[in-house]
Amino acid sequence: MEGQIGYFRRNHFVPVPHVKTLAELNERVDGWDVADEERRLRSRTRTIGEAFAQEAPQLRPLPAEVFETGRWFTPRVDRFAQISVRSNKYSVPVRFIGRQLRVLLHANDLVVYDGRSVIAQHERHRCLLAPSGSPRPCPCARRSPDRTKPACTLPFARSAP
């Protein structure tokens, strides 16, 4: 199995594919996966898809519960109707000022809850102290002169209105 993961990575992710969203990358991966089902390993008589079809009845079913991959936070809404999650500010409706809310942070977005109700959703900021809805580009898109770390937040935070 590990050898096939390496094969997939080397043949589909080198060089790194250029995509705009994670959803677009996932669509490509699904396509590559389907195409790989027709591939034969070395001198084997069956394709990968045929071998999987034979083994599939022996696999256990997936768990009924959904596995949550996000991380929960409980920030308090400040007087500017913003919450701070991982050093970034995100806006919420004004009526929640002073209240503590629940936030589910995923790799690409975050969802803000009041009880069980979703009250806000935002794309996740990629750098520290980026203001929510900022028209300016994130400073982390640039790299520092020595190319080892993002050219990050302090100058950007100081220039914020």
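Cut-offs and rules
Residues numbered from 1 in each chain as written. Predicted model: local features only at pLDDT ≥ 70, side-chain atom pairs only at ≥ 80, totals over all residues. Heavy atoms only, no water. Helix = DSSP H or I, 4+ residues; strand = E, 2+ residues; numbered from the N terminus. Contact = heavy atoms within 4.5 Å. Buried < 20%, exposed > 50% of the residue type's maximum accessible area, 1.4 Å probe, protein only. Pairing = 2+ DSSP bridges. Salt bridge = Lys/Arg side-chain N within 4 Å of Asp/Glu carboxyl O.

Draft legend 1. Summary view of the environment of Phe-73. Within the fold, Phe-73 resides in strand S1 (residues 71–73). In this structure, the C-alpha to C-alpha distance between Phe-73 and Leu-105, residues 32 residues apart in sequence, is 7.6 Å. Not counting residues up to four positions away in its chain, the partners in contact with Phe-73 are Val-85, Arg-86, Leu-101, Arg-102, Val-103 and Leu-105.

Draft legend 2. Broad picture of the pairing of strand S3 (residues 88–91). Of the two faces of S3, the one holding Asn-88 and Tyr-90 is buried and the one holding Lys-89 and Ser-91 is not buried anywhere. Here strand S2 (residues 82–85) pairs with S3 via four bridges, running antiparallel. Bridging from a neighbouring strand, Gln-82 pairs with Ser-91 of S3. Between S2 and S3, which follow one another and run antiparallel, lie two residues, and Arg-86 among them has a positive phi close to 50°.

Draft legend 3. Fine view of the pattern of salt bridges. Under the criterion given, the structure shown has four salt bridges. Across the pair Glu-24 and Arg-28 runs a salt bridge, and its minimum N-O distance is 3.6 Å. Of this pair, Glu-24 and Arg-28 are both found in helix H2 (residues 22–36), four residues apart, which corresponds to roughly one turn of the helix. When its relative accessible area of 27% is taken as the criterion, Glu-24 is described as partly exposed. Note that Asp-114 is salt-bridged to Arg-99, the shortest N-O span being 2.5 Å. Remark: Arg-99 occurs in the loop between S3 and strand S4 (102–105) and Asp-114 occurs in strand S5 (residues 109–114); sequence separation between them is 15 residues. Look at Asp-114 and you get partly exposed, because its relative accessible area is 24%.

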